[in-house]
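# Overview (structure and organization)
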Amino acid sequence: MKIVVTGTEGYLGALLAPTLLESGHSVLGIDTGYYKQGWLYNGVTASVETLAKDIRHVTAEDLAGADAVVHMAELSNDPLGELIPDVTYVVNHKGSVRLAEVAKQAGVQKFVYMSSCSVYGVAEDTVDETSAVNPQTAYAECKALVERDVALLADDDFSPTFMRNATAYGASPRQRFDIVLNNLAGVAWTTGKIAMTSDGSPWRPLVHGLDIAKSIRAVLDAPREAVHNQIFNVGDSEQVYRVREIAEAVGRALPEAEITFGESNNGDNRSYKVNFDKIHSTLEGFRCDWNADKGAQQLVDVFKNIDLDEATFTGRGHTRLKQLEHLIRTGQLDKELFWTVPPTSGIAK
């Protein structure tokens, strides 16, 4: 199968693309290159050809001959969406819907969209794919809007699938430290303590980046009728943790680190329990291989191997908001997040 993956130079794309190659697929990456500097360690066995291009500029010719598109390239995480909400809507909502339209025009049959469990926002009860969405941020609202609009494109020749990922964690060569488990592990490693401002009571579903890649492979391999225009929560019902439990998992990997908690109403109030039964019952053989303890230990092992220092952990290379602020401040990106000097055209390896 020929697969186009957007965001191959991102945190999850760096894990997905090599696994697709190893599964025997032909893979072309598309990435605008915002996060090229965020390489933490040499942890993949293969790299893919990548077209240096903004998703807003992708054409049907770029996707010619592709059997599937896996769309991962958006402006990621909530603080970034709140910093530049107008641009977030243009890129994440309009840009993603346009990409799906271009893929359909190019004759692409499968379109796999990386959505997020953040669309559930704050929920009192356990939510599943049939629950109402309640997005709390521009980032999450864009995810819900893309799901709505791309679903309308589905027909006999174009089959979208929407993957609502739990909060990702784990090691990646293009590491992110601005997501909860990864951040807590980095804080504990570099400072010797985790001092939380809240009591850690909110619920968060987690999923390892390699399990996300595994779920995408399962969708690509599944019969069309099983995944056509379907939404899947990606994760495991046994991996829905209170934030304090995530910190405690880091503490077990780094027992010398001191962990303290604050008052109940401080910090991020998003809280939701998610049911993941559908993906396990629909996609034959799909199971998550990772949990918070195993992921925390993996990160600590990487930190030891590379001798992670505080400057690297806190630097812009591994925090999306800091990197984009730098590119804007230095004039490398304009106010719409287009490169002022476009990347060299063509394919890079």
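First, a word on scope: everything that follows refers to the structure included in this document. Bear in mind that the values here come from a model prediction, so they are computed numbers and not experimental data.

### As for unusual backbone geometry
With a phi angle near 55 degrees, N229 is a residue other than glycine that sits in the positive phi range. You can see N229 is positioned in the loop between α7 (224-227) and β10 (230-234). Under the relative-accessibility criterion, N229 is labelled partly exposed at 29%. Of note, L337 is a non-glycine position whose phi angle comes to about 65 degrees, a positive value. Inspection of the secondary structure puts L337 in the loop between α12 (320-329) and β13 (347-348).

### Here we look at the packing of aromatic side chains
Taken as a whole, this structure holds seven aromatic pairs when the rule is applied. Geometrically, the ring pair formed by F177 and F313 is edge-to-face, given 4.9 Å between the ring centres and 70 degrees between the ring planes. Residue F177 is found in the loop between β7 (167-169) and α5 (180-191), and its partner F313 is found in helix α11 (residues 310-314); the two are separated by 136 residues along the sequence. For F177, a relative accessible area of 1% translates into the label buried. For F313, a relative accessible area of 7% translates into the label buried. Here the aromatic cluster, defined as three or more aromatic residues joined through ring pairs, consists of F177, W189, F303 and F313. The ring of F338 has R56 sitting right over it, with the charged end atom 3.7 Å from the ring centre. Residue placement shows R244 over the ring face of F261; its charged tip is 3.9 Å from the ring centre.

### Section: the pairing of strand β5 (residues 110-116)
Extensive coverage of β5 is indicated by the burial of seven of its seven residues. Judged by which residues are buried, β5 turns out to be covered on both faces: K110, V112, M114 and S116 on one side and F111, Y113 and S115 on the other are all buried. Pairing of strand β4 (residues 68-71) with β5, which is carried by four bridges, proceeds in the parallel orientation. From the neighbouring strand, H71 faces β5, where its bridge partner is Y113. After leaving β5, the chain enters helix α4 (residues 138-151) and then returns to the sheet as strand β6 (residues 159-165), a path that is right-handed.

### Things to note about the environment of S118
Along the chain, S118 falls in the loop between β5 and α4. Counting along the chain gives 18 residues from S118 to Q136, while the straight-line C-alpha distance between them is 8.0 Å.

### Quick look at the pattern of salt bridges
Scanning the entire structure with this criterion turns up eleven salt bridges. For the salt bridge of E9 with K36, the shortest nitrogen-to-oxygen distance reads 3.0 Å. Here the residue E9 occupies a position in the loop between β1 (2-6) and α1 (13-22), and K36 occupies one in the loop between β2 (26-31) and β3 (49-52), the gap between them amounting to 27 residues. Since its relative accessible area comes to 11%, E9 is described here as buried. D293 is the salt-bridge partner of R252, the closest N and O atoms lying 2.7 Å from each other. Here the residue R252 occupies a position in helix α8 (residues 243-253), and D293 occupies one in helix α10 (residues 292-306), the gap between them amounting to 41 residues.

Definitions and limits used
- Residues numbered from 1 in each chain as written.
- Predicted model: local features only at pLDDT ≥ 70, side-chain atom pairs only at ≥ 80, totals over all residues.
- Heavy atoms only, no water.
- Helix = DSSP H or I, 4+ residues; strand = E, 2+ residues; numbered from the N terminus.
- Buried < 20%, exposed > 50% of the residue type's maximum accessible area, 1.4 Å probe, protein only.
- Phe/Tyr/Trp six-rings, centres within 6.5 Å; stacked < 30°, edge-to-face > 60°.
- Lys NZ or Arg CZ within 6 Å of the ring centre and 35° of its normal.
- Pairing = 2+ DSSP bridges.
- Right-handed = clockwise from strand over helix to strand, strands pointing away.
- Salt bridge = Lys/Arg side-chain N within 4 Å of Asp/Glu carboxyl O.

Purely geometric stuff here, so don't read any function into it on its own.
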